[in-house]
Structure formats: C-alpha cells, structure tokens
Amino acid sequence: MQDERRVFLGGIASLAGIGAGLAAPARSFAQAASPRATILSTWDFGAPANDAAFAKGRTGGSLIDMVEAGVMVPEADPNNHSVGYGGYPDRDGHVTLDAVIMDDAGGVGAVAALEDTVHAISVARAVMEHTPHTFLVGEGATRFARDRGFPRVKLLTPEAEKAWREWLKTQNYKPVANSETGTYGEGRPGTPGGALDHDTIGMLARDASGRMAGACTTSGMAFKMRGRVGDSPQVGSGLYVERGVGGATSTGLGEEVTRTVGTARVVASMRHGISPQAACEEAAKHIASLRGDAIKGVQVGFLAMDTAGRIGAFCLLPGFTYAVTDAAGKTRVEKAPSLFRA
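Here's what I pulled together on the structure shown here. (Residues numbered from 1 in each chain as written. Predicted model: local features only at pLDDT ≥ 70, side-chain atom pairs only at ≥ 80, totals over all residues. Heavy atoms only, no water.)

1. Quick word on the pattern of salt bridges
Two side chains of opposite charge can pair, provided their charged atoms sit close to one another.
Turning to step 1, where the next piece is worked out: Scanning the entire structure with this criterion turns up 17 salt bridges.
Turning to step 2, where the next piece is worked out: The residue Glu166 makes a salt bridge to Lys169 at a minimum N-O spacing of 2.8 Å. Within this pair, Glu166 and its partner Lys169 are both found in helix H7 (residues 158-170), separated by three residues, close to a single helical turn.
Turning to step 3, where the next piece is worked out: Across the salt bridge formed by Arg271 and Glu242, the nearest N and O atoms sit 2.7 Å from each other. Of the two residues, Arg271 is situated in helix H9 (residues 262-271) and Glu242 in strand S7 (residues 239-242); the sequence distance between them amounts to 29 residues.
Turning to step 4, where the next piece is worked out: Here Arg271 falls in the partly exposed class, since its relative accessible area comes to 40%.
Turning to step 5, where the next piece is worked out: One connected set of salt bridges, linked through shared partners, spans Asp65, Glu68, Arg125 and Glu129. (Salt bridge = Lys/Arg side-chain N within 4 Å of Asp/Glu carboxyl O. Helix = DSSP H or I, 4+ residues; strand = E, 2+ residues; numbered from the N terminus. Buried < 20%, exposed > 50% of the residue type's maximum accessible area, 1.4 Å probe, protein only.)

2. A closer look at the sheet that holds strand S12 (residues 331-335)
Turning to step 1, where the next piece is worked out: Taken together, eight strands build an open sheet; the order of strands is S4-S3-S2-S6-S5-S1-S11-S12 and the sheet is mixed. For this open sheet the edge positions go to strand S4 (135-137) and S12, each flanked by a neighbour on one side alone. Neighbouring strand axes in the sheet, compared pairwise and without regard to direction, differ in orientation by 10 degrees on average.
Turning to step 2, where the next piece is worked out: Helix H3 (residues 46-58) contacts strand S1 (38-42), strand S5 (200-206), strand S11 (321-325) and S12 of the sheet and is inclined by roughly 150 degrees relative to S1. (Pairing = 2+ DSSP bridges. Axes fitted to C-alpha atoms, helices over the stretch in contact; angles between N-to-C directions. Contact = heavy atoms within 4.5 Å.)

3. Some remarks on the side chain of Thr217
Turning to step 1, where the next piece is worked out: The topology assignment puts Thr217 in strand S6 (residues 212-218).
Turning to step 2, where the next piece is worked out: The class of Thr217 is buried, set by a relative accessible area of 1%.
Turning to step 3, where the next piece is worked out: Here Glu75 takes part through its side chain, which lies 2.7 Å from a polar atom of the side chain of Thr217.
Turning to step 4, where the next piece is worked out: Apart from the residues within four sequence positions on either side, Thr217 is in contact with Val71, Glu75, Val83, Asp98, Ala99, Ala120, Ile121, Thr200 and Ile201. (Polar contact = N/O pair within 3.5 Å; in protein donor to acceptor, adjacent residues only side chain to side chain.)

4. Examining the nonpolar core
Side chains that are nonpolar tend, in soluble globular proteins, to be buried together.
Turning to step 1, where the next piece is worked out: Leu40, Ile101, Val111, Leu114 and Tyr322 are the most contacted members of the largest nonpolar core, which has 63 residues in total.
Turning to step 2, where the next piece is worked out: Broken down by element, the residue count for this core peaks at seven residues, all from helix H5 (residues 120-130).
Turning to step 3, where the next piece is worked out: Non-local contacts of Leu114, meaning those with residues more than four positions away in its chain, are made with Val95, Thr96, Leu97, Ala120, Val123, Ala141, Thr142 and Ala145.
Turning to step 4, where the next piece is worked out: Counting 21 residues, the second largest nonpolar core, distinct from the first, contains Met221, Val245, Ala248 and Ala304. (Core = buried A, V, L, I, M, F, W, Y, C linked by side-chain atoms within 4.5 Å.)

5. Concerning the packing of aromatic side chains
Aromatic ring pairs are reported here in terms of the distance separating the ring centres and the angle at which the planes meet.
Turning to step 1, where the next piece is worked out: All told, the structure shown has four aromatic pairs when counted by the stated rule.
Turning to step 2, where the next piece is worked out: Aromatic pair Trp167 and Phe223: ring centres 4.9 Å apart, planes at 15 degrees, arrangement stacked. Here Trp167, found in helix H7, pairs with Phe223, found in the loop between S6 and S7; they are 56 residues apart in sequence, far enough to count as distant. Of the two residues, Trp167 and Phe223, neither departs from the other in class, the shared state being buried. (Phe/Tyr/Trp six-rings, centres within 6.5 Å; stacked < 30°, edge-to-face > 60°.)

6. Things to note about H9
Quick reminder: α-helices carry 3.6 residues per turn. Residues three or four places apart thus point the same way.
Turning to step 1, where the next piece is worked out: Buried residues of H9: Gly262, Thr263, Val266, Val267, Ser269 and Met270, and no others. The buried residues of H9 occupy one face: seen down the axis, they fall within an arc of 155 degrees.
Turning to step 2, where the next piece is worked out: Considering only its buried residues, H9 is in contact with S7, strand S8 (246-252), helix H8 (254-258), helix H10 (276-291) and strand S9 (300-306).
Turning to step 3, where the next piece is worked out: One or two steps after H9, the chain reaches Gly273, where phi turns positive at roughly 95 degrees. (Arc of directions from axis to C-beta.)

7. Remarks on the packing of H3 against helix H4 (residues 63-75)
Turning to step 1, where the next piece is worked out: H4 packs onto H3 with a crossing angle of 150 degrees between their chain directions and a minimal axis gap of 7 Å. The two elements H3 and H4 meet at a crossing, and its hand is right-handed. Residue-level inspection shows Pro48, Ala49, Ala52, Ala53, Lys56 and Gly57 of H3 in contact with H4, the latter providing Asp65, Met66, Ala69, Gly70, Val73 and Pro74.
Turning to step 2, where the next piece is worked out: Grouping the constituent residues of the contact of H3 with H4 by class yields eight nonpolar, two polar and two charged. (Left-handed = near helix turned anticlockwise from the far one by under 90°. Nonpolar A, V, L, I, M, F, W, Y, C, P; charged D, E, K, R; others polar.)

8. A few points about the pairing of S7
Turning to step 1, where the next piece is worked out: Judged from the four bridges that link them, S7 and S8 form a sheet pairing that is antiparallel. Bridge assignment links Leu239 to a residue of S8, and that residue is Thr249.
Turning to step 2, where the next piece is worked out: Between the end of S7 and the start of S8, which pair antiparallel, lie three residues, with Gly244 showing a positive phi angle near 80 degrees.

9. Considering the pairing of S9
Turning to step 1, where the next piece is worked out: Along S9, seven of the seven residues are buried, which leaves the element largely enclosed by surrounding structure.
Turning to step 2, where the next piece is worked out: Of the two faces of S9, the one lined by Val300, Phe302, Ala304 and Asp306 and the one lined by Gly301, Leu303 and Met305 are each fully buried.
Turning to step 3, where the next piece is worked out: Across seven bridges, the pairing between S8 and S9 is antiparallel. In the sheet register, Ser250 faces S9, and the bridge partner there is Phe302.
Turning to step 4, where the next piece is worked out: Across five bridges, S9 lies against strand S10 (residues 311-315) in antiparallel orientation.

10. Description of H3
Turning to step 1, where the next piece is worked out: Here H3 contains 13 residues, and its C-alpha end-to-end distance of 18 Å stays within 8% of the 18 Å for a straight helix at 1.5 Å per residue.
Turning to step 2, where the next piece is worked out: Turning to H3, its buried residues are Gly46, Ala47, Ala49, Asn50, Ala53, Phe54 and Gly57. All buried residues of H3 project into a common sector of 155 degrees when viewed along the axis, lining one side.
Turning to step 3, where the next piece is worked out: Directly after H3, the chain includes Gly60, whose backbone phi takes a positive value near 100 degrees. (Expected span 1.5 Å × (residues − 1).)

Have a look at this one:
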C-alpha cells in the first residue's frame, strides 16, 4: 500500500469553492494533469466501470454523473451475477436490486428490493433528485421507477434461472467468500468478477479540488430470503461520503457490515486524522473482534479514499481485489491486504 500512497499523495486538497454543488460539471477532473483526480471501486469488474466513469468526467460530467455511469456498466452485464441484469434471484426466483448514490454535501438517494429495472443506481439518483425522500423500497420503488419512465425489463436471465433451479434441488445456503472471483463469465478466460452468493460494486470518485461522490449497487445474495436487504443501499454501511474528509465503500457479507455501520466508521476514523488505510484496517478488525467465530470463513472488505487522494483497502480474508484509476485515466487492479489467511 505504500507504493499506492506515493502514487496518490497530492498534498492537502484545496477546498476553495467547496460550496459549489456536485451537480456542476467536474471540470477539475477533466484536467488530466492534476494528480489528485482518482476513481476507486471494488473487485476486478470495477476496472471497466472506472473507465466509463473516467470517460464521463473527461466529457464534463459531474461527479454524480461519473459514479452513476461507472456502476451502470456491471449493472447491464448479464455475465455478472451479483449486480443488475443477470443477477441471481432470491429463493422465490425474483431478482431484486439495491443501490445508493451519495455526494459529499449530504445528497442521498437509495432503493432496495427494486424489481424489473436494470439500472437501480439511476432510480436511486432519481429518488435523490426528484423526491423529498432518501430511500424507497419494494413495490414503491418499482412503481416510482415506472413513473419516472424506466423501462420494465425481465432481470432473470436463462443462465441465472438455471443456477436457481439447480439450487432448489438442495436449497443449501452457505455464502462463499470471494465468490466474486469465481463465476464471472464462467467457462471463459479473462477477468473474474461474478458472484455466486453476493456481491456489489462500490465506487468512489473525486476531483482535483477534493470534492467527492460515491455509488453502490447490487443484486444482493443469491437465493436470499425474499425481502432481504444487505449493506449496499444503506448509507453508512455500503457507502458513506463526507465533505472535507473522504469516502468509503464496503463489500462482502452485508450483514456483518450493517452490524457495525462499517463505512461510516471508516470515514469517522478519517475525520479524526487516521489514514484511509488504517481506517479500513480498524473497521475490519473491529468486526473480527466483535463477532469472533461467527465470521469464520466470511469475507468483508473496505475501500476508502480521502480528499487528498490517498486510498485504503483491507479485508478479512485474502482475495478481495479493487480497481484504481489515476488522473491520466490509467486503471490497475490490486489485491487488498487481509487480516486472516485463507
């Protein structure tokens, strides 16, 4: 992580003009000469998502535009069974989606148990921008999506349905750590990223002035109980962004993140002067200390970025990967250090 810190150290970010809303174009991001503009996201499949976010920023998109455009990539990928279209269903055969989008000025929109809509993150943004609320769920979220003109799309693909029907034969429910790296485009070479039982993409983006936004979207655990909602759409669990401090996102078994409001904890540590790396480590170690043997074999990972562009990544078990994009648009995938051995 020391090499990564040297890459992203950009000094103390100037907060001049901090009152400007994040809906304004991220002009400072488009200045590729700035070493401070970065994008950070979970898992290998975050790499193409980062590239889409970067492209949106380079053409004048706001930070909110960027994180929305980025996570829409895995949402529309039928080979990714953990996010959006092609996601594995719940036990009753329904694909339900959860998402949250957030800026560093307290703007928030979220949906949970959304059905028949590919881009949950865009519906979450509509909640933020077109309602007095921050969170819509279930039938209400789906009805809102139709009212806002989002097309009705069957999310259960033949491949996902086949996996669900196979699961019905045993109904054995045991989340597998790092399954994100096991089933993406199963049978094909290349970058892994799909999920058998969970996961999500969480993304953070910042511009050269230190302004930030984030997004998190998922189809949740495969074969979950109907109505289950994990950490992903919950502010302070799956995602948290705070002006002048930074942001954090999480991945892995959502129930363990919600017990500790994990990303809010990471950002609170950063607010008190702890580095993003140390903040991620503290949050993961706290879960391990709190839960003991109950988290044996369970994966939880945290990513964080502060307003100066320093990053942090840490997880319970080996295998968590993340994608980093620098100000020139170069993306690389890294492995996060872990608390435990496999």
